[in-house]
Amino acid sequence: MSSNKAFNPFEMAQTQFDKVAAILDLDDATRQILRNPLREYHFSIPVRMDDGTTKVFRGFRVQHNDARGPSKGGIRFHPQETVDTVRALAMWMTWKCAVVNIPLGGGKGGVICDPHHLSMKEQEQICRGWVRQMAKNVGPLNDVPAPDVMTNAQHMLWMLDEFEVIHGSKFPGFITGKPVGMGGSLGRTEATGYGVVFTLREALKDLGIRLQDTTAAVQGFGNVAQYAIELYQQLGGKVICVSSWDENDHCSYTFRRKSGIDLRELLKITDKFGGIEKTEAKKLGYEILDGDAWIEQEVDILLPAALENQIRQDNVNKISQKVKVIVEGANGPTTPEADKVIQEKGIFVIPDFLANAGGVTCSYFEQVQSNMNYFWEKDEVLGKLDVKMTAAFHAVSDLAKKRNLYMRDAAYVISVSRVAQACKDRGWV
Ligand code: GLU
């Protein structure tokens, strides 16, 4: 997953916002409120390392907007995390919750660290340290964290435990993505990836393409990619390649098998970060191509499901003429420059904060279930998720058709107007 050092995700998020603020002719005060986070926290987390030394990690929480409800969004552990990445992701969370019309705002957290090289004990201290720093400023009624890149249900449980110890009471609604049986929701693990495919299924219906006749190339092999592939293949689609980060070589590779990848077989040779074992993959008949190769495959569907800044000016023209749909499982995978080219090519885009809203939608269901202390069956959760994602997709695609808008702009128009209206109704602007 090569990336350009000068890339600033927050500038990208602001550029996207400015474009829509102009379409909506927003007043200056509303633009100022929405173009920047309402508040943010930067702090240090000291950790006693297993080797006896003390290492200090940098943590963040950005609350972009809470006009529609408590801030909501994950906490990412990543060695290249920056406050501007967290700001961008927080802003995208605001639009994400608004597009699926759930009563939540947007926030994001991060810690600059690399879980590949941290023991569970060290990671536990980071989680507890993060909560110690933020305990007064997060909580079920003001800001609710969740998992993101390289964090999972175990991290959420440590964070919940620390929060409950500090506040001396049980607060299952403080965090989502908890383990099932500990306040978590069935279906939460699958939700983001499945949500991606619910929107893809609807887009293909609209375009008059049979999903069973399509092929896809996937970037990434983490939680989102794995479950998106599972459901897409269950519905009859064929994935011909996935790309995955190789921690030893410090680069990513594309694993291609033109007859179709076998998810189960690949999972057996994949670590918990989504890293696929090269030698084993070769034995199973996969070609090992460079990390960017996924983008140039002759497929109908491209599914970036890794990090931001992956479809850029320098590689957007490698996209095959055959590609009809790009469904963005990742947050911010396409830069504004590349987006223009994609729009000109006439490729149908399901923008990130719509396509990957399934995770937070299920987090919302988790909060509802936690509040009732009554948990639904998995089918019920996934059924409700499908209804929400399908409705959100059609609201966006109907507006796009009606006003002749690019899908990303239509999604932005819906979200930004909802949030701007909430700010106005509260008397903020
Ligand atoms: N981290 C996920 C996202 O980017 C989920 C956030 C949540 O569940 O709050 O959408």
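On a predicted model such as this, the values are computed, not experimentally measured, just so you know.

Conventions used here
- Residues numbered from 1 in each chain as written.
- Predicted model: local features only at pLDDT ≥ 70, side-chain atom pairs only at ≥ 80, totals over all residues.
- Heavy atoms only, no water.
- Near = heavy atom within 4 Å.
- Polar contact = N/O pair within 3.5 Å; in protein donor to acceptor, adjacent residues only side chain to side chain.
- Areas by Shrake-Rupley, 256 points an atom, 1.4 Å probe, with all protein chains shown as cover.
- Helix = DSSP H or I, 4+ residues; strand = E, 2+ residues; numbered from the N terminus.
- Phe/Tyr/Trp six-rings, centres within 6.5 Å; stacked < 30°, edge-to-face > 60°.
- Lys NZ or Arg CZ within 6 Å of the ring centre and 35° of its normal.
- Expected span 1.5 Å × (residues − 1).
- Buried < 20%, exposed > 50% of the residue type's maximum accessible area, 1.4 Å probe, protein only.
- Contact = heavy atoms within 4.5 Å.
- Axes fitted to C-alpha atoms, helices over the stretch in contact; angles between N-to-C directions.
- Parallel < 35°, antiparallel > 145°, perpendicular 65-115°, else oblique.
- Left-handed = near helix turned anticlockwise from the far one by under 90°.
- Nonpolar A, V, L, I, M, F, W, Y, C, P; charged D, E, K, R; others polar.
- Core = buried A, V, L, I, M, F, W, Y, C linked by side-chain atoms within 4.5 Å.

## A word on the site of the ligand
Taken together, 14 residues form the shell around the ligand, and within it Lys72, Lys96, Pro147, Asp148 and Ser363 come nearest. Here an oxygen atom of the ligand and a side-chain polar atom of Lys108 are 3.0 Å apart. Between the ligand and Arg188, the relevant distance is 3.0 Å, taken from an oxygen atom to a side-chain nitrogen or oxygen of the residue. Protein coverage of the free-state accessible area of the ligand, which is 300 Å², stands at 95%. For the shell around the ligand, the secondary structure elements donating two or more residues are strand S3 (71-78), helix H3 (83-99), strand S5 (143-147) and helix H12 (358-372).

## A closer look at the packing of aromatic side chains
Here the structure, examined in full by the defined rule, presents 10 aromatic pairs. When the ring of Tyr364 is compared with that of Phe365, the centres are 6.0 Å apart and the planes differ by 40 degrees; the resulting orientation is tilted. Here the aromatic residues Phe17, Trp95, Phe353 and Tyr412 are joined through ring pairs into a cluster of three or more. Above the plane of the ring of Phe10 lies Arg87, whose end atom (NZ or CZ) is 5.9 Å from the centre. Lying across the ring of Trp376, Lys384 places its NZ or CZ 4.6 Å from the centre.

## Concerning H12
Counted at 1.5 Å a residue, the expected span for H12 with its 15 residues is 21 Å, and the 21 Å between its end C-alpha atoms agrees. Here H12 lies mainly inside the structure; 11 of its 15 residues are buried. Those residues of H12 that sit buried are Gly358, Gly359, Val360, Thr361, Cys362, Ser363, Phe365, Glu366, Gln367, Gln369 and Ser370. Of the surrounding secondary structure, the elements contacted by the buried residues of H12 are S3, H3, S5, helix H6 (188-207) and helix H13 (378-403). Just past H12, the residue Asn373 takes up positive phi, approximately 55 degrees.

## Some points on the packing of helix H1 (residues 9-24) against helix H2 (residues 28-35)
Closest axis-to-axis distance for the H1/H2 pair is 10 Å, and the angle between their directions is 155 degrees. Relative to H2, the element H1 is oriented roughly antiparallel. Of the two elements, H1 crosses H2, and the hand of that crossing is right-handed. Contact with H1, carried on its side by Phe10, Gln14, Phe17, Asp18, Ala21 and Ala22, involves Arg31, Leu34 and Arg35 of H2 and no other residues of that element. Across the contact of H1 with H2, the residue classes tally to five nonpolar, one polar and three charged.

## Focus on the side chain of Lys108
Within the element layout of this structure, Lys108 appears in strand S4 (residues 106-112). We classify Lys108 as buried; its relative accessible area is 1%. Polar contacts involving the side chain of Lys108 include one to the side chain of Asp148, which spans 2.8 Å. With residues up to four places along the chain from it excluded, the contact list for Lys108 reads Phe60, Arg61, Val62, Gly74, Val86, Leu89, Ala90, Met93, Asp148 and Asn331.

## Some details on the environment of Gly346
Considering the arrangement of structural elements, one finds Gly346 in the loop between helix H10 (336-345) and strand S12 (348-350). Residue classification places Gly346 among the exposed positions, given a relative accessible area of 60%. Taking the C-alpha atoms as reference points, Gly346 and Lys324, separated by 22 residues in sequence, lie 8.1 Å from one another.

## Overview of the nonpolar core
Counting 87 residues, the largest nonpolar core has Leu34, Trp95, Val242 and Ile350 as its most contacted members. Counting residues in each nonpolar core, the second largest holds 24 residues, with Phe57, Ile75, Met156 and Leu160 among its members.

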